[in-house]
Each structure stands twice: as structure tokens, then as C-alpha cells.
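Residues per chain, in single letters:
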Amino acid sequence: FSVIQDPNGNSPMHPNYLYRSDMDGSFAPINSMGESDANGLHNRYQNLSLPIYHLTGWWDIFIDGQIETYKNVMENNDLTVQSNQKLVIGPWTHATIGQDAVADITYPSSVFDVLIAGDVSNVSATNLNGVVQGEVASWLRYLLNYETGKVIGEPKVLIPESNTWQNIGTYDVRIPSENYYIEYSDFLNYLGGYQDLQAMPTEIRQGTTIIPYSLDVPTDSMNQTPGQTALNNPATPTVDYSNIPNIRYYVPGPVADGVPQNATVGNYWEGSDVFPLQSGIQEQTYFLHSNGVVDTLIPNSVEAPLSYNHNPDNPVITVGGGNLSVPTPQFDRVSAGPMNYADPNFAPYTMDRPDVLQFETDFIEDSLTIIGIPKAKIYAQTTPNGTNSGLTDTDFFVRIIDVYPDGREYFVVEGAINARARDYAKSLVNNNENINLPFTNINIGQVYEYEFNLLPIAYSFGHQHKMKVLISSSNWPRYQSNPNIPIENGAFFRREPNDGKTYLFNQTTYTPRIAEQEISFSPSEPSQIILPVRKNNFVSSAIVNNTSQFNTYPNPTKEGFYIDNNKSNSIYSYTLTNLMNQIVKKESNLKGVSYVDLVPLPSSVYLLSISNSNGIVSTTKIVKQ
């Protein structure tokens, strides 16, 4: 299907593919009745009236699509629909949603502050408690039964009426013979081996005679979990979701890195009504240099370019990231999420090889938190072997890695650019998608500016960590390995390494060819990445400016914390601000030990400033989990 062109000559890989309207909810038009109509004047997102629980992870293969779906729903509907949308983004791959163990990292218990599916360590059809205790089930039950004005009865499972007669010996049966509804708890008890399905309507046919029958469908008691009893009708959910932010996202941070200052860096949930965030974030440009350094200083002179050879038949291998079923190089597990690139099983395939350029920052003195959509701007030229003129095509990939003090190197986020799609990619960077921009080949040996988005991410680099940037021209099999040849307008050439396929361009037959890729570093061509950095990032250290005058505990906390004036009789006051510099709590004329209640506030990082009459000031980061 991927090579079938539309009447305009475009392959399905192009954003303006004519038949996209049949497959993509963002483009498929409908009429006023909500039915598909090529001449319809309505967007499918305008036809929604139901609540949606959008659930994804930073390393889910569908992360960008899930965020776009949420945004489209919010932008095309009224407040009634908007109020029934929840977006949850955790530190997960598609296959590990709701879990704490993700790829090569096990996150702290703060992951379970948003409990997706109860006891996710052992959720199955035989462990019903985990199912009914999770937020997903609670959210559905809240909306179906307990939201004001929407009491429509306990959720049910429907087995629809069957129109098929099945032959059993001398007679035929039809089951169920009418729609059969099963109460929520009854269905779970059936799966768990505790309760039969009672009185399922059935018909038995012998010749022309049809006999109605009521059939009890027996459960399998072998499914029962030792020590667990059957569920009664689960209690009314007590969570008022109207008070929960529409968007909640987890900010992954350092895990077991041995650095005490990083105990409260990252690994917490935050709430928002929009994503990317519209305040509290500023773009910070990090420039790449030919000596392998990443810093915030633009090159002040022309630096020597760096080059490597991209061989489409010997590609860099995908390790980690937003994959669904891509295997590791050893084919022993799925390659997804924050995998350790320094693992000797991975490094030779994906990082420590001559066709990957590596750039690294100095040690991060405090911490660095990014939340949003990073960008890359790479100045590069390509020259296939055996030629120095003509047309061609190629790809570039940028990956960002967290280098731990002990040598571990975890995947953070990545992005990709196809040279032919450079203009379209730039329209996405500028938040002005133009699907009609043509895909065009590039000139051999000419420097081009490639500006493109990386995938969405929230992440905290800890104290004494480093940030590494990798540039390559392949990342297979997540992405096709570009053959470095020109492609016809509107076309797409599907291939795999070493498959022997050729391609006909302008009456010339091309085979995949090795290309020299050259990256520029200069004041006029400064290759760089642009990160959405949290403002006032200095507050990510455990203590910004502190004296022994005040103690705060517990920290991190789930409900509140104490301010202890160390038995001093002096009067003090405090101000608590969020990371957007907004005051969320303040109090004065305090003495001794005071309690600060954080229950009404969302899980986040706050800056506590305390001052007394003697002019002593303490500034401390408070983490509400």
C-alpha cells in the first residue's frame, strides 16, 4: 500500500496524499449528520460529545499523535466536551504504561501517584483488585454513573446478539439470541473464576422448531487468585475529576545515580491545561562544535567541519525510544524507552561507531529540566561516492542522551529529518503546517539548513550529569535506511538494507550508494539544538541559598511540610511560588514550627523563601509528589 500513488502522483508517505482524508481523523471531512462525506464541511473532532481519557508515555510510539488528538479535541469543541478530557503522560513506553520498570530504569514510587491500573505489578484477569483500583476504571465509572446529571446506571459489558447458528450434533444453537448485558463486577468475577454468567438467552433449533433456552455459562475456577475473594459491586468513586488538571505529565529524573543533590531532581508529576506549556519555559540554544563540545556559545569563527560516511546497507541500529515492536540487536527484547547506550551489547551498534558524531556538554552544575518539544538545526551537505554533482536525497537523525556520573548513558529523546521534506519539516517547527509544500531532492555538495522538531519530552538532567548529542544518518529499523539517491516527485522508495532493490529516476537506474555527510560549525552555519528549558532552573538544586536558621521537612512530600525555626524566638514569614513565579501561598508573623498545607496544590516543584526580622533569608526547593 505504501507505494500506491494517488491521482496527483503522491505516495501515502506525503502529507498531502489525496486519500489521507479516508484514513486520518484530522483530515477526514464529515457532513452535518456526522457521516463521512468527501464534500463535508465539518472536522471529525467537531463531532465529539463523549469524554476521552488520553493515556500515553514519553517513549510511547504514539506520543505525538496522542498529544495532537487531545489538542484537536480541545480546539474544536465547547466547554462541556473540553471539561471531560484528561491527558496523562508518564515515563512509559507503549508496553509499560502504568509501570515503574521501563527499559533499563526502575522509577521511584512517585510513578504510582497517578495509579493507572491499580497494582500494575500483577494485573491480569485473575487479579481483579488491580483492575478496579486503577484510575482508568475510576474515571469511566465517575463519568458513566456519578457525575452530576449523568447517573445512567452501573457500567455493563455487552455481548451482542449473534446472527450465526452453530451446529452441535443433531441441532443448531444461537448464543446469545438477544443482546446480553453483564454488570461490571459480575463480568470481572466471571473472568476471575468466581461467578458464572447467569441466564444467557439462547435458542436451540431442531429442524424447523426453535426452542428458547436460558443458559448459565460456567466460569473457570482455575483462574482464581489465592487469597482473593469475589468482588462486590465496587464502591462509588470518590475522586472529583473536575478538580484534577486536564493534563498531568511525569518529569523523569536521575535514578540511583549516587549524587545526594539529585534526590529531589525530577521524578514527579505536574499538572497543566495545555501542552506544550505556554509559560514558565524559555528556549535555550545549545551549539555544537567541531571539537565535540556542546555549549551555549555560538562559534566565533569557522570551525573545521566533521564528516562521516552513511552506508545504507550498514545502518545505525535502533536502540531505545518510542518503538512498539522493534527488537534489540540481539533480538532478545523490545528496543524501547530509556535504554542504556553504554551497555556493551548496544554501544557498537548505535553509538560507538564511525558513522555517528558525538557531542557532549560539561558537567551540569545544578540541573537542567526540559519540558516541551526540542528542536534541531543542522547545517549539512552530502556527497555520494563516485559523484560530485547532480541530485540526491538523505536523512539526518539527532538523539539526546543523559550521561550519568557512573558512566551509564540513557536515551532521552530523538528527532529525524528527510532532506526532501526539509521545507515541510520547517513549517512544523513554525507551528504552521503546510501539507502542500513539495518534497524536493537536494543538490550534491550544497550546504542546506535542516530545521526540525524532535519528539515531545519532559526530562530533568541531574547535577554532575552530562548531556550528549548524537548525529547520524540512519536509525534502522525504526526508520528506513535512506539509499542516498534522488527520488521522483511524489514518490517513495521502500527498501531494507541489502535487499538488492534498484530505483529508476529520470530514466536512470540507481542502486543504494554510500554518501559522505559533512556537518558545519560556524557563525553563519551554527549547527545546534534548541531546548524548551524551565525558567529559573536553578531552583532544581536541593538548597539554593540556605542557613542553619530554618529546617523544612518532609521534602519531598505528598500533603505538606513543616518550617522549623530551630527554637529561635524570632518572627519569620514565608512565600511559596511555583515555577512560573506565581505566588501560591504566603504567611507572616510566624514563630517556632509552622505547617504548610499543600493538599490543594498540584504535584509540582515549588520555591520556598523564608525571611526573619534579622534579615536572614533561606530559599529551598519543595517537591510535592
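Note that this is a predicted model, so its numbers are computed, not measured.

## Remarks on the overall build of the protein
Here is step 1 of the chain: Scanning the protein for helices and strands turns up eight helices and 39 strands.
Here is step 2 of the chain: Taking all 625 residues of the protein together, 49% fall into the buried category.
Here is step 3 of the chain: Partitioning the intrachain contacts of the protein with sequence separation of at least 6 by distance along the chain shows that 67% fall at a separation of at least 24.
Here is step 4 of the chain: Surface exposure of the protein reaches about 28,600 Å², of which carbon and sulfur atoms provide 50%.

## Side note on a nonpolar patch on the surface
Here is step 1 of the chain: On the surface, a cluster of nonpolar side chains totalling about 380 Å² of accessible area is made up of Tyr-553, Tyr-562, Val-593 and Tyr-595.
Here is step 2 of the chain: Among the residues examined, Tyr-595 registers a relative accessible area of 41% and is labelled partly exposed.

## Quick notes on the confidence of the model for the protein
Here is step 1 of the chain: Summary statistics for the protein give a mean pLDDT of 87 and a share of 88% for residues scoring 70 or more.
Here is step 2 of the chain: Between residues 537-548, whose pLDDT stays under 50, and residues either more than four places distant or in other chains, the model counts 32 contacts.

## What to know about the side chain of Thr-202
Here is step 1 of the chain: In this fold, Thr-202 is placed in strand S11 (residues 197-206).
Here is step 2 of the chain: Among the residues examined, Thr-202 registers a relative accessible area of 6% and is labelled buried.
Here is step 3 of the chain: Within the structure, Thr-202 has its side chain in polar contact with the backbone oxygen of Met-200 (distance 3.1 Å).
Here is step 4 of the chain: Other than its neighbours up to four places away in sequence, Thr-202 contacts Arg-174, Ile-175, Ser-177, Ile-211, Pro-212, Tyr-213 and Leu-215.

## Let's talk about the side chain of Asp-257
Here is step 1 of the chain: You can see Asp-257 is positioned in the loop between strand S13 (247-251) and strand S14 (268-272).
Here is step 2 of the chain: One buried charged side chain, Asp-257, makes no salt bridge at all; its nearest oppositely charged neighbour is Arg-408, positioned 6.3 Å away.
Here is step 3 of the chain: There is a polar contact of 3.1 Å between the side chain of Asp-257 and the backbone nitrogen of Val-259.
Here is step 4 of the chain: Beyond its immediate stretch of four places on either side in the chain, Asp-257 contacts Asn-262, Tyr-404, Pro-405, Arg-408 and His-465.

## Details of the sheet that holds strand S23 (residues 409-418)
Here is step 1 of the chain: The four strands are arranged S18-S27-S22-S23 in an open sheet whose pairing can be described as antiparallel. Since the sheet does not close on itself, it has two edges, and those belong to strand S18 (357-360) and S23, each with one partner. Recorded for the sheet is a direction-independent mean angle of 20 degrees between the axes of neighbouring strands.
Here is step 2 of the chain: Pairing analysis gives four bridges linking S18 to strand S27 (residues 466-472), with the strands arranged antiparallel. Within S27, the position partnered with Glu-360 by the bridge is Lys-468.

## A word on the pattern of salt bridges
Here is step 1 of the chain: Counted according to the given criterion, the structure contains 18 salt bridges.
Here is step 2 of the chain: As a salt-bridge pair, Glu-161 and Arg-174 come within 2.8 Å of each other at their nearest N and O atoms. Placement of Glu-161 in the loop between strand S7 (156-159) and strand S8 (166-168) and of Arg-174 in strand S9 (residues 171-174) is noted, with a sequence separation of 13 residues between them.
Here is step 3 of the chain: Taking the relative accessible area as the measure of exposure, Glu-161 reaches 37% and is therefore partly exposed.
Here is step 4 of the chain: Ionic pairing is found between Glu-283 and Lys-375, a salt bridge with its closest N-O pair at 2.8 Å. One end of the pair, Glu-283, is in strand S15 (residues 281-288); the other, Lys-375, is in strand S20 (residues 375-384), and 92 residues separate them in sequence.
Here is step 5 of the chain: When salt bridges with common partners are traced through the structure, they connect Glu-360, Glu-409, Lys-466 and Lys-468 into a single cluster.

## Overview of unusual backbone geometry
Here is step 1 of the chain: Pro-176 follows Ile-175 through a cis peptide bond whose omega is -10 degrees.
Here is step 2 of the chain: You can see Pro-176 is positioned in the loop between S9 and strand S10 (180-183).
Here is step 3 of the chain: Omega for the peptide link from Trp-476 to Pro-477 comes to 15 degrees, which places this bond in the cis form.
Here is step 4 of the chain: Relative to the helices and strands, Pro-477 resides in the loop between S27 and strand S28 (503-505).
Here is step 5 of the chain: The phi dihedral of Asn-267 falls on the positive side, at around 60 degrees, and the residue is not glycine.
Here is step 6 of the chain: Inspection of the secondary structure assignment puts Asn-267 in the loop between S13 and S14.

## Quick word on the sheet that holds strand S12 (residues 209-217)
Here is step 1 of the chain: Taken in spatial order, the four strands of this open sheet run S8-S9-S11-S12, and their pairing is antiparallel. Since the sheet does not close on itself, it has two edges, and those belong to S8 and S12, each with one partner. The average undirected angle you get between the axes of adjacent strands in this sheet is 35 degrees.
Here is step 2 of the chain: Bridge count between S8 and S9: three bridges; the pairing is antiparallel. The partner of Asn-167 across the bridge, within S9, is Asp-172.

## Thoughts on the packing of aromatic side chains
Here is step 1 of the chain: With the rule as written, the count across this model stands at 18 aromatic pairs.
Here is step 2 of the chain: Ring geometry for Tyr-107 versus Tyr-250: centroids 6.2 Å apart, planes at 80 degrees, classification edge-to-face. In this pair, Tyr-107 is assigned in the loop between strand S6 (105-106) and helix H4 (128-133) and Tyr-250 in strand S13, connecting sequence segments 143 residues apart.
Here is step 3 of the chain: Taking relative accessible area as the criterion, Tyr-107 reaches 3% and is therefore assigned buried.
Here is step 4 of the chain: In this structure, Arg-205 packs its charged tip against the face of Trp-165, placed 4.3 Å from the ring centre.
Here is step 5 of the chain: Cation over ring: Lys-466 sits above Phe-363, and NZ or CZ is 4.5 Å from the ring centre.

About the thresholds
Positions within a chain are numbered from 1, following the residues in the order the chain's sequence is written. Only residues with pLDDT of at least 70 are given local features in this predicted model, and only at 80 or more are side-chain atom pairs given and counted; all residues enter the totals for whole chains, interfaces and linings. Heavy atoms throughout the structure, all of them, feed into the side-chain values; hydrogens and water do not. For helices the rule is a DSSP run of H or I covering at least 4 residues; for strands it is a run of E covering at least 2, with both sets numbered from the N terminus onward. A 1.4 Å probe rolled over the protein chains alone gives each residue an accessible area, and that area as a share of the maximum for its type sets the label: buried under 20%, exposed over 50%, partly exposed in between. Whether two residues are in contact is decided by their heavy atoms: any pair within 4.5 Å suffices. Here the accessible surface of atoms and residues is derived via Shrake-Rupley with a 1.4 Å probe, and residues count as covered only by protein chains that are part of the display. Distance thresholds for patches are 9 Å for like charges and 5 Å for nonpolar side chains (Val, Leu, Ile, Met, Phe, Trp, Tyr), applied to residues having over 30% relative accessible area and no salt bridge. For this document, the term salt bridge refers to a Lys or Arg side-chain nitrogen within 4 Å of an Asp or Glu carboxyl oxygen. pLDDT is a residue-level measure of predictor confidence that goes from 0 to 100. Between N or O atoms, a polar contact is any pair within 3.5 Å; within protein, one atom must be a potential hydrogen donor and the other a potential acceptor, and residues adjacent in sequence are included only when both atoms are from side chains. For the charge count, each Lys or Arg is scored as positive and each Asp or Glu as negative, with His and the chain ends excluded. Note on pairing: two strands pair once DSSP finds at least 2 bridges between them. To get an axis, a line is fitted to the C-alpha atoms, and for a helix only the part in contact is used. The angle between two axes follows their N-to-C directions and goes from 0 to 180 degrees. Two rings belonging to Phe, Tyr or Trp (six-membered ring only in the last case) form a pair when the distance between their centres is within 6.5 Å. Interplanar angles under 30 degrees mark stacking, angles over 60 mark edge-to-face geometry, and anything in between is tilted. Lysine and arginine charges are scored as sitting over a ring when NZ or CZ, respectively, is within 6 Å of the ring centre and within 35 degrees of the ring normal.

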